[in-house]
Structure formats: structure tokens, C-alpha cells
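Topology and contacts: notes
Each chain, letter by letter, is given below.
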Amino acid sequence: MEIATKIAPLGLALIMLGLGLSLTIQDFIRVVKIPKDFLVGFISQLVLLPIVALSIALLLNLSAELAVGLMLIACAPGGVTSNVITKFADGDVALSISLTAVVSLISIISVPFIMFASINFFEISVIKEISMTGIAFKMFLVVTVPVIIGMIIKHFAKNFVDNQASIIQKISVMLFVLVFAAIYIEEWNNIISYIVNAGLAVLILNLTMMILGFYIAKYFASGVAQQRCISIECGLQNGTLALFVGTQIFGESITTFIVPTAAYALIMMITSIIFIFIVKKNT
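About the cut-offs
Residues numbered from 1 in each chain as written. Predicted model: local features only at pLDDT ≥ 70, side-chain atom pairs only at ≥ 80, totals over all residues. Heavy atoms only, no water. Helix = DSSP H or I, 4+ residues; strand = E, 2+ residues; numbered from the N terminus. Buried < 20%, exposed > 50% of the residue type's maximum accessible area, 1.4 Å probe, protein only. Contact = heavy atoms within 4.5 Å. Areas by Shrake-Rupley, 256 points an atom, 1.4 Å probe, with all protein chains shown as cover. Lys, Arg positive; Asp, Glu negative; His and termini not counted. Charge placed at Lys NZ, Arg CZ, Asp CG, Glu CD. Phe/Tyr/Trp six-rings, centres within 6.5 Å; stacked < 30°, edge-to-face > 60°. Salt bridge = Lys/Arg side-chain N within 4 Å of Asp/Glu carboxyl O. Polar contact = N/O pair within 3.5 Å; in protein donor to acceptor, adjacent residues only side chain to side chain. Axes fitted to C-alpha atoms, helices over the stretch in contact; angles between N-to-C directions. Left-handed = near helix turned anticlockwise from the far one by under 90°. Nonpolar A, V, L, I, M, F, W, Y, C, P; charged D, E, K, R; others polar. pLDDT = per-residue confidence, 0-100.

A look at the overall build of the protein
For the protein, the helix and strand inventory stands at 13 helices and zero strands. For the protein, the succession of helices and strands along the chain, N to C, is α-α-α-α-α-α-α-α-α-α-α-α-α. Taken over the C-alpha atoms alone, the protein extends approximately 45 × 40 × 30 Å along its principal axes. Per-residue burial for the protein yields a buried fraction of 55% across its 283 residues. Summarising the internal contacts of the protein: among those between residues at least 6 apart in sequence, 86% fall at separations of at least 24. Surface summary for the protein: the accessible area is close to 12900 Å², and the carbon and sulfur share equals 71%. Placing the 14 positive and 13 negative side-chain charges of the protein at their respective mean positions leaves the two points 14 Å apart.

Here we look at the packing of aromatic side chains
Per the stated rule, a full pass over the model turns up four aromatic pairs. Put simply, the rings of Phe214, Tyr215 and Phe275 pair up and form one aromatic cluster.

Some details on the environment of Ala67
Mapped onto the fold, Ala67 is located in helix α4 (residues 64-74). Of the residues examined, Ala67 reaches a relative accessible area of 0% and is grouped as buried. Sequence separation of Ala67 and Ile97 is 30 residues, and the distance between their C-alpha atoms is 29 Å. When residues no more than four places from it in sequence are discounted, the contact partners of Ala67 are Ala57, Leu62 and Phe122.

What to know about the side chain of Asp37
For Asp37, the position within the fold is in helix α3 (residues 35-59). One buried charged side chain, Asp37, makes no salt bridge at all; its nearest oppositely charged neighbour is Lys36, positioned 5.1 Å away. Within the structure, Asp37 has its side chain in polar contact with the side chain of Ser222 (distance 2.6 Å). Excluding residues within four positions of it along the chain, Asp37 makes contact with Leu95, Ala221, Ser222, Gln226 and Ile230.

Comments concerning unusual backbone geometry
In this structure, Asn61 takes a positive phi of about 55 degrees despite not being glycine. Checked against the element boundaries, Asn61 lands in the loop between α3 and α4. On the accessibility criterion, Asn61 (67% relative accessible area) is exposed. The phi angle at Glu123 is positive, at roughly 55 degrees, despite the residue not being glycine. Within the secondary structure, Glu123 sits in the loop between α6 (93-121) and α7 (132-156).

A word on the side chain of Ser107
The residue Ser107 is located in helix α6 in this model. Looking at Ser107, its side chain comes within polar contact range of the main-chain oxygen of Ser104, at 2.4 Å. Apart from residues lying up to four places away in sequence, Ser107 is in contact with Pro77, Pro112, Met139, Val143 and Leu241.

A few points about the packing of α6 against helix α11 (residues 224-235)
Close contact between α6 and α11 brings their axes to 9 Å; oriented N to C, the two are set at 35 degrees. Every pair of crossing elements has a handedness; the one defined by α6 and α11 is right-handed. Residues Leu95, Ser96, Leu99 and Thr100 of α6 form the contact with α11, whose participating residues are Gln226, Cys229, Ile230 and Glu233. Here the contact of α6 with α11 is composed, by residue class, of four nonpolar, three polar and one charged.

Regarding the confidence of the model for the protein
In the predicted model, the protein carries a mean pLDDT of 84, and 90% of its residues have values of at least 70. Within the protein, α3 carries the highest mean pLDDT (94), whereas helix α9 (residues 165-186) carries the lowest (71).

Below you can see the structure in the form of C-alpha cells.
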């Protein structure tokens, strides 16, 4: 896992820079102007997702390490991959971008809080000297700062950035794939055991949240495009951020804790492709 953990901070920073290059102030103003759809997605992802993950960990009687690992991926925000999948699924891309941006910025507080609460709840001993403030500050440096820099670049070079938007989006997705490809290559001999140990839990989490997101949005969001977007946002998480946070908290002991994230990254791509196929077929 050494290669993956070393490239995760750089990969995450570049992915968040790419997100910043896709944002404008209007994406944040939209949240205020059309709050209903945003709030449905926001609450589903930031509140409901960790609660469902905790329930699954307890119901399946997961080991403390796997349970905390499941909480790690569950508290991560959506990533740029969700924006791409939303576009392919004919969902509300603007809403997807707004959710990804706002939840990612809030994650520098929510992720350390949920992780420290999970560590205490499952009584995990952490060898490294860490603090919630310290993790939040490191996340600020690799999450918030690159987003701000990206927005500044877009402000001063809007035409260039807009013309290269497709390439930037592809690079962001490729970086995500690269980080997890490094994990799968480095841990190839353990991949089967990862799937066996955490596959059922992450599959249940992924499918449950996509289904819940879909039907909650059906009753509370404004339309089909928003429904598809919220379902995808609930099912696709920023695994690179989860990997980065896990590295900061657990250090060299990260292997066991990152198993659910590695399994989830693979499963969420498969289920999202199936989701696109289903919604396209029924359109």
C-alpha cells in the first residue's frame, strides 16, 4: 500500500484542483436560490449515509477495523466521478457539481468528526499522535486550497478553462483510477480477500444508498434529473480522500482499514454503469 499512500495526497490535490476549475460562484449561489434539491442530496449524503454504514457494520457484526474502514468511505464526500456519471445518466449535472463542491468543503470538519467518533465507538487504538484539528488542517491544505486555486484560475482564464473542460474532467477521473489501480496492483495477492472480507458490506451500503437516494429524491426533489443526480451522489464517494484521511490517521497500519474503500471503489463503478444502463433503457 506504500505506493498508493504516497501518491494519494498529490492525486487528491490535483483532483480537487480539477473540481475548482469546474466551479464558479454561481454554483454556490444556486444552493441558496434552489435549496430544496440541494438539501435533499446534502442530508442524504452527509447524514443518512454514515448512519446506514454504521447500521450495516453492526448488523453484519464486522470487526472493529472493517467497521471503521466502512465509516471512512461512508463519511467521504462525492467525487468528480459522480459528476461524470451524472452527466452520462442524464441527471442534473449542475446540482451534482454543487453537492460535490459544498460537501467536499464541509468534509474538512465532518470527516474528522465522524472518524474520531467511529474510532471511539469501536474502541480502536490509534498509534499515531493525531488530533481532529490536525487532520482538518491537512484536509484543508489538500482539499480546500486546491479548490480555491482552481476557482481563481478559472476566474482569470475562463475561456481557456472552459475550452479544456472535457480534458480536465478526464484527467481528474484518470487520477482517481490511477490511485486505486496502484492499490490493486500493489495488493493484487490480497484483492480476493478484500472482496471476501468487505465486499458484502460495501455492496449493501452502495446499493442501499443509491436506492434510498433515488426514492427519497423521488418524493422530495423537483424532478427526474435531480432524482438521478442524488442517487448517484449517494452511491459514489471520493475514495482518494478516504485513502488520504486513512493514511493520516492510521499511518502504516492503514491496510486493514482501507479494505472497504478499495472494495467500494471497484463496486461503485460497476453499480454506476448498471445504473446508467437501467435509466437509459427506461428513458
